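The primary structure of each chain is shown beneath.
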Amino acid sequence: WAKSIESFTQALKLNPNDVDNYYYLAWAQLGAGDHTGYRATCMVMLERFRVGNDAVATLSTCRFCALPQGGSKTVLELADRLVSGQNSSLLPTGLAVALFRDGQFEKSLECFRQVPVISRESESFFLVAIIYHKLGHTEEARQSYDQGIQWIEQNVTPPERGTHWTTKVSSQSLRREASQLLGIQEAGT
């Protein structure tokens, strides 16, 4: 992780307007467990990319920067503003994540319901599991958690499937959060 963080930091010095390098730097920081660095990078991303012509890229920033615990109100405000008038399957997911981190679980669940199950990744299943847990729906929480595990088994392992490393990092982070909330003892924890 240290080498990746160093490489993406260097790449940003060469081109400070490359949103992809910010994403990858933040993902690497999250993978390394550097939540302080991750949050600092997200704040820079939100500041640099909150005003622009690419609403989907901006909302992707919102979605990503709200993933770990402690999402920002800035993320929710930006996501809410961008969703009005846009037509993309990514937009409901981005707003759902921001609403989730703001504690608006019912609204978040409604946004997730707008995303077709076929286009969901493990992160969505784990977030929905956490939301159901917060709403007191134990059975639905466990079902969604199990769907996330099934998605991982079908798409992340074995490595030859070519799953992007950022998907693995976010899956691990949200799986860990969901398992802790649901009281699920995972192997190796």
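Residues numbered from 1 in each chain as written. Predicted model: local features only at pLDDT ≥ 70, side-chain atom pairs only at ≥ 80, totals over all residues. Heavy atoms only, no water.

### What to know about the overall build of the protein chain
For the record, the criterion: Helix and strand definitions here come from DSSP, where helices need a minimum of 4 consecutive H or I residues and strands a minimum of 2 consecutive E residues; each element is numbered from the N-terminal end. Under the convention used here, a 1.4 Å probe and the Shrake-Rupley method define accessible areas, while residue burial counts only the protein chains that appear.
Secondary structure assignment for the protein chain yields 10 helices and zero strands. Traced from its N-terminal end to its C-terminal end, the protein chain shows the element sequence α-α-α-α-α-α-α-α-α-α. In the form shown here, the protein chain has an accessible surface area of approximately 10000 Å², with 48% of it arising from carbon and sulfur atoms.

### Some thoughts on helix α2 (residues 19–31)
Here is the rule: Between the first and last residue of a helix there are one fewer steps than residues, each counted as 1.5 Å, and that sum is the expected span. Burial classes follow relative accessibility: with a 1.4 Å probe on protein chains only, a residue under 20% of its type's maximum area counts as buried, one over 50% as exposed, and anything between as partly exposed. What qualifies as a polar contact is a pair of N or O atoms within 3.5 Å, subject to a donor-acceptor requirement within protein and to the restriction that residues adjacent in sequence count only when both atoms come from side chains.
Taking 1.5 Å as the rise per residue, α2 with 13 residues should run 18 Å; its terminal C-alpha atoms sit 18 Å apart, in good agreement. For α2, the buried fraction is high: 10 of the 13 residues fall into the buried class. Those residues of α2 not exposed but buried are Val19, Asn21, Tyr22, Tyr23, Leu25, Ala26, Trp27, Ala28, Gln29 and Leu30. The N-capping residue of α2, defined by a side-chain oxygen 3.0 Å from the backbone nitrogen of Asp20, is Asp18.

### Considering the packing of aromatic side chains
The line we're drawing: Two rings belonging to Phe, Tyr or Trp (six-membered ring only in the last case) form a pair when the distance between their centres is within 6.5 Å. Interplanar angles under 30 degrees mark stacking, angles over 60 mark edge-to-face geometry, and anything in between is tilted.
Counted according to the given criterion, the structure contains three aromatic pairs. Between Phe8 and Tyr24 the ring centres are 5.5 Å apart and the planes differ by 35°, which places this aromatic pair in the tilted class. Here Phe8, found in helix α1 (residues 2–14), pairs with Tyr24, found in helix α2; they are 16 residues apart in sequence, far enough to count as distant. On the basis of relative accessibility, which here comes to 17%, the residue Phe8 falls in the buried class. When its relative accessible area of 28% is taken as the criterion, Tyr24 is described as partly exposed.

### Structural notes on the environment of Trp151
Mapped onto the elements of the fold, Trp151 is located in helix α9 (residues 138–155). For the pair Trp151 and Phe125, spaced 26 residues apart in the sequence, the C-alpha separation amounts to 8.7 Å.

### Here's the deal with the nonpolar core
Cut-off, in case you're wondering: Definition used in this section: a nonpolar core is a set of buried Ala, Val, Leu, Ile, Met, Phe, Trp, Tyr and Cys residues joined via side-chain atoms within 4.5 Å. By definition, residues are in contact when any of their heavy atoms lie within 4.5 Å.
Ranked by internal contacts, the top residues of the largest apolar core, which has 25 residues, are Phe100, Phe112, Phe126, Leu127, Ile131 and Tyr145. Sorting the residues of this core by element identifies α6 (90–101), α7 (105–113), α8 (122–134), α9 and α10 (165–182) as the ones contributing at least two each. Per-element tally for this core: the top contributor is α8, with eight residues. Other than its neighbours up to four places away in sequence, Phe126 contacts Tyr145, Gly148, Ile149, Ile152, Ser171, Leu174, Arg175 and Ala178. Counting 18 residues, the second-largest nonpolar core is a separate cluster that includes Ala26, Trp27, Leu30 and Phe49.

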